Structure formats: structure tokens, C-alpha cells
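Chains, contacts and geometry: an overview
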Amino acid sequence: MTHPWRAEGAVLVWGLAAAFLIGWLENRIDLALMVLFGAYLGRHLYYLRHLLAWLQESSPLLPDGTGIWAEVFHRLRLMQRRHQRRKRRLGKMLKRFRQATEALPDATVVLDENFTIEWFNPAAAQLLGLRKRDMGLRIHDLLRSPRFVEHLRRRRFEHPITLPAPPNERLQLEIRVISYTKDRYLLIAQDVTQIRLLERQRRDFVAHASHELRTPITVLKGYLETLIDTEEAVSEPFRPVLERMDQQIRRLQYLIDDLLYLGRLETSRNETRRQKPVDVGRLLDDIRRETEQCHDRHAPLQLEIASPARLLGNEEELRSAFTNLIVNAVKYTPADGSITIRWYETDDGACLEVSDTGEGIEPEHLPRLTERFYRAPGAEIRNPTGTGLGLAIVKHVLNRHDGRLEIDSRPGHGSQFRCHFPSQRVCP
Ligand code: ADP
């Protein structure tokens, strides 16, 4: 028996002893026992009443109690103290969390599963124009931009969207929605006006510089070609020098063309009126023929059109992306290798695959290949006029077509470049 039960037993034993003694003295043991059990029951009822009052919070204190009740009340008091300490700790944490989110320069809004506003910080009031009375309203009833409404409707939050701030249209906000539990979302809006301005200035600078460089380079190229073609104009030892100059000038020209094209991809809007179902089989056949005509000795190009599916997109952009992949395969594969171009449907859309048996790429370079100007070591030997911008263009075009690029390669065995397109882009 545990200690509290011993105490309770003692209460009972002493009570019985007293009842027997009094009953024996008064010659009424039955009455004395009844009084004893009545008093015993009354004691329990008394403590139960206190316990109930305490649980209902109508009494702040618990009595000390006797017997088993002393232990019960003691344990409850310990629990209450532990609970109060935890509550104080949580309260402090919550306060610190609120102070931190209130100090955040980014707007933070907590939304429920229907995008109803549950809480927001002061930056949200400033950047999104939310007011205390908006609590309980749905965020898209307040931020009514059709793009934002569509973004929430689709519930695909991998990418942020950029919108003008409702209280001040000159501010650009990058809005990111994060699902942090099954039925709660966090909306974070960041003021990216300065970043966007700098990006635009950078793009304009590159576009202007490329544009300005184009004319002098065309003139230089013209003179150089005339010199090379006029036999008596240049003595024989200088001929290789001029040919190398011609090669570098051609490289400069490609570089400028690629930079201007990338700039156009970045700045032009992805207009739906320019999107139409593109016959990928025919497009690939055109590109194959053009590539074969433009390159002298190259590995054979094999075309496998496994699906008649067409792709909803901008034909000129798709042509540029696919040409880059196919020309790369030609450039980086020796003439005794082979190149296969495949167009096929997948479970979730369609795929263009360009695979070659060329030199392949070391794994550490794969993640960086789509960066501008990134070229794996040794690329300049195989492709001296390469710019390092081709795969950046491919990535951009795929982004504009909701697609993604996947690259597999094994050094010495070859590479596969796959462009995956989602089913909503594929027309049967
Ligand atoms: P580049 O003008 O140098 O070809 P890209 O952006 O098209 O520029 O390609 C970037 C780099 O990726 C290339 O420099 C080359 O190192 C590598 N690469 C691209 N395609 C292939 C391929 N089919 N085989 C091997 N390496 C490739």
C-alpha cells in the first residue's frame, strides 16, 4: 500500500476505534457505526465539492485535505504550478515571435484553408493596405488582381508572383504563398521595386551595348571578308591570322545575337495570341535538315517522332531552343558518333529528347550549364565560336512554356537533354 493509502487507512481505523469505544460506552454500537460512516461519506462529499469548485474555477484555492485527499490536492497543486510555468514560457515565446514578425520589413499574413485572413503584421498593413477590420475577410477579396486570384485558385505555389502594391501602384511586390500545415498558409510579400529597377537597368544596358556593338562588328566583318577573299591583298603568312580574326568576329556576332535574343525573351510578354499548336514533328524535321546543311562533317542525325501530339507555344521560340540543343549535339559529338532526336508523350505531358554519343559532361558541371556564359572546360576546343548562352536561352524558352530541362550525361559516353512539357501544353 502506498503512503497516501496508509494515511486514508489510518483515518478509517481511528474513526472505527472511536465509534466502537463510544458505542460500547453508550451501548449503541450500531448507531455509533452509522454516525461514523455518515461522517466519512460527508468528508468525501465535502472535498469533492471543493475539487469541483476549483475545476470550475469558482474557487482559486484547494484545501489541504486529509488522508487520500491530502495527496490528491498536493498533486493537483503541483500540476497547476507546472502548467502555469509552461504557460508563462509559451507566452514569452509568443511575445518574442510577434515582436520579431512585427519588426520584419516583409508583409506576413496568416491565412486559413479558404485564404481568410487570421493575422497580419504591421508591414502587411503598409504594403498590402490591410486594416484590422479586414481580419476574417478573404485575401483575394482585398487584393483583387486577376493574376493573384488565379494564382490562389490554382493552388500551385512553387513560384512567387510579382504585382503592384494595392496602396501604391508604383511599388512592385513579390508575393509568395507557403502552405505550412494542411490547412494554413503564410503569405509573404516583399518590396522588390529597387531590385526590379536594377534588373531592368542591367537588361537595358546589355541590350543597348549589344545593339551598339552590332554595327561596328558588321563593318569589321565585311572588311575582313573582303581581305580574305582578295588574294593579292594579303601575303600568305598573314592569312591564318586573318582567318582566326574572322572566327573571333563571328563569335562576337553570335554573342551579340544571343544576348539580344535573351534580352527579348526576358522583356517581352508571353503573349497568348502568339501561342498556337506547333507541329513538333515537322519543326524538328526542318531543324534537322537546316543543321545538316550548315555543318560539314558531323555524326548522323536520327529523328524519331513517336507521337503526333502538337505543342501549344510560340513556334519561333521553340525553334530557337530545339536548334540550340541539336546544334550542341552536333558540335560536341565526333563524326563517327550518333545523335538521336525523339519526340514522345509521357504520363504527364510530352518530351523532346536529344541524345548523343559525344564526349559527355563531368557531373560537377551539370547544375551550372544553364547559367549565362558557363561552358564546361574544353568546350572552346570543340566549339570555338560557342557563346555559353545557348542553354540559358533553352531554359528561358522552356520556362515560358511551363517546361523544364533535364540533363543526363556520362563523360565519355554521351549526353541526353530532355525538355519536359506539361499535359496542358500538349494538343492531341
Ligand atoms: P556553347 O555555346 O558553349 O555551346 P551552351 O550554353 O549551348 O553554350 O552550352 C553550355 C555548355 O554545355 C557548353 O559549353 C558545353 O560545355 C556543354 N554542352 C552543351 N551541350 C553539350 C553536349 N551535347 N555534349 C557535351 N557538352 C555539352
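**With respect to the domain arrangement of the chain**
The domain architecture assigned to the chain consists of domain 1 (2-91), domain 2 (104-191), domain 3 (195-267) and domain 4 (275-427). Between the C-alpha centres of domain 2 and domain 3 the distance comes to 46 Å.

**Looking at the site of the ligand**
Neighbouring the ligand are 19 residues, the closest being Asn328, Tyr332, Arg375, Thr387 and Leu391. Within the contact set of the ligand, an oxygen atom lies 3.4 Å away from a side-chain nitrogen or oxygen of asparagine 383. Note that an oxygen atom of the ligand is positioned 2.8 Å from one of the backbone N or O atoms of leucine 391. In isolation the ligand offers 530 Å² of accessible surface; the protein chains occlude 97% of this area. Looking at the shell around the ligand, the elements with two or more residues in it are helix H10 (315-331), helix H12 (390-400) and strand S12 (414-422). Grouping the amino acids of the shell around the ligand by side-chain chemistry returns 10 nonpolar, seven polar and two charged.

**Looking at a positive patch on the surface**
Positive charge collects at one region of the surface, where Arg81, Arg82, Arg85, Arg86, Arg88, Arg89, Lys92 and Arg96 lie side by side. Structurally, arginine 81 is set in helix H3 (residues 68-103).

**Focus: the state of the cysteines**
Counting across every chain of the model gives zero disulfides. Take cysteine 351: it sits in no disulfide, and the sulfur closest to it among the cysteines is that of cysteine 419, at 7.0 Å. Its relative accessible area of 0% is what places cysteine 351 among the buried residues.

**Side note on helix H6 (residues 146-154)**
What H6 keeps buried is the set Phe148, His151 and Leu152. An end-on view of H6 places all buried positions within 95° of arc, on one side of the element. Relative to its buried face, H6 has exposed residues pointing more than 90 degrees away, namely Pro146 and Arg153. In this structure, the buried side of H6 is in contact with helix H5 (139-142), strand S3 (161-165), strand S4 (168-181) and strand S5 (184-191). Immediately downstream of H6, the backbone of arginine 155 shows phi near 55°, a positive value.

**Structural notes on the sheet that holds S5**
Ordered by their spatial adjacency, five strands build an open sheet running S2-S1-S5-S4-S3, and the pairing between neighbours is antiparallel. Across the chains shown, the open sheet's two edge strands, defined by having one partner strand only, are strand S2 (117-120) and S3. Adjacent strand axes in the sheet meet at a mean angle of 30°, parallel and antiparallel pairs treated alike. In terms of strand pairing, S3 meets S4 through five bridges, oriented antiparallel. Bridge pairing in S4 places alanine 165 opposite asparagine 168. Together, S3, S4 and S5 form the strand contacts of helix H7 (residues 193-229), whose direction differs from that of S4 by roughly 115°.

**Concerning the packing of H7 against helix H8 (residues 239-267)**
For any two helices packed against each other, one specifies the crossing angle of their axes together with the interaxial distance. Two elements in contact, H7 and H8, have axes separated by 9 Å at closest approach and are oriented at 150°. Between H7 and H8, the crossing angle belongs to the class labelled roughly antiparallel. Viewed along their axes, H7 and H8 form a crossing whose handedness is left-handed. Of the residues in the contact of H7 with H8, the class split is 15 nonpolar, five polar and 11 charged.

**Thoughts on the sheet that holds strand S11 (residues 404-410)**
As summarised here, the arrangement of the five strands in space is S7-S9-S10-S12-S11, forming an open sheet in which the pairing is mixed. Looking at the sheet topology across the chains shown, the edges are occupied by strand S7 (301-305) and S11. Each adjacent strand pair in this sheet contributes to an overall mean axis angle of 15°, direction not counted. In the sheet, S7 pairs with strand S9 (residues 339-346) via five bridges, with the strands oriented parallel. Residue glutamine 302 lies in a different strand from S9, and its bridge partner there is threonine 340. Across the sheet, helix H9 (residues 280-294) touches S7, S9 and strand S10 (349-356), and the angle it forms with S7 is around 175°. H10 rests against S7, S9, S10 and S12 of the sheet, and its axis sits at about 25° to S10.

**Focus on the side chain of threonine 370**
Looking at the element boundaries, threonine 370 is found in the loop between S10 and helix H11 (379-382). Accessibility expressed as a relative area gives 19% for threonine 370, which makes it buried. Beyond its immediate chain neighbours, meaning those up to four positions away, threonine 370 contacts Leu391, Ala392, Lys395 and Leu405.

**Observations regarding a nonpolar patch on the surface**
Among the surface-exposed residues, Phe20, Leu21, Ile22, Trp24, Leu25 and Ile29 lie close enough to one another that they form a single nonpolar patch of about 660 Å² accessible area. Considering every element that reaches the nonpolar patch, the biggest residue donor is helix H1 (residues 3-26), with five residues.

**Quick look at unusual backbone geometry**
With a phi close to 60°, asparagine 27 is a non-glycine residue in the positive phi region. You can see asparagine 27 is positioned in the loop between H1 and helix H2 (29-55).

**Focus: the pattern of salt bridges**
Using the criterion set out here, one finds 33 salt bridges in the structure. Note that arginine 138 is salt-bridged to aspartate 141, the shortest N-O span being 3.3 Å. Its relative accessible area of 35% is what places aspartate 141 among the partly exposed residues. The salt bridge partner of arginine 418 is glutamate 406, with a shortest N-O separation of 3.0 Å. Of this pair, arginine 418 sits in strand S12 while glutamate 406 sits in strand S11, and the two are 12 residues apart along the sequence. Here the salt bridges do not stand alone but share partners, grouping Lys276, Arg282, Asp285, Asp286, Arg288, Arg289, Glu290, Glu315 and Arg319 into one network.

About the cut-offs
- Residues numbered from 1 in each chain as written.
- Predicted model: local features only at pLDDT ≥ 70, side-chain atom pairs only at ≥ 80, totals over all residues.
- Heavy atoms only, no water.
- Domains from an automatic or database assignment.
- Near = heavy atom within 4 Å.
- Polar contact = N/O pair within 3.5 Å; in protein donor to acceptor, adjacent residues only side chain to side chain.
- Areas by Shrake-Rupley, 256 points an atom, 1.4 Å probe, with all protein chains shown as cover.
- Helix = DSSP H or I, 4+ residues; strand = E, 2+ residues; numbered from the N terminus.
- Nonpolar A, V, L, I, M, F, W, Y, C, P; charged D, E, K, R; others polar.
- Patch = residues over 30% accessible without salt bridge, like charges linked within 9 Å, V, L, I, M, F, W, Y side chains within 5 Å.
- Salt bridge = Lys/Arg side-chain N within 4 Å of Asp/Glu carboxyl O.
- Lys, Arg positive; Asp, Glu negative; His and termini not counted.
- Charge placed at Lys NZ, Arg CZ, Asp CG, Glu CD.
- Disulfide = S-S within 2.5 Å.
- Buried < 20%, exposed > 50% of the residue type's maximum accessible area, 1.4 Å probe, protein only.
- Arc of directions from axis to C-beta.
- Contact = heavy atoms within 4.5 Å.
- Pairing = 2+ DSSP bridges.
- Axes fitted to C-alpha atoms, helices over the stretch in contact; angles between N-to-C directions.
- Parallel < 35°, antiparallel > 145°, perpendicular 65-115°, else oblique.
- Left-handed = near helix turned anticlockwise from the far one by under 90°.

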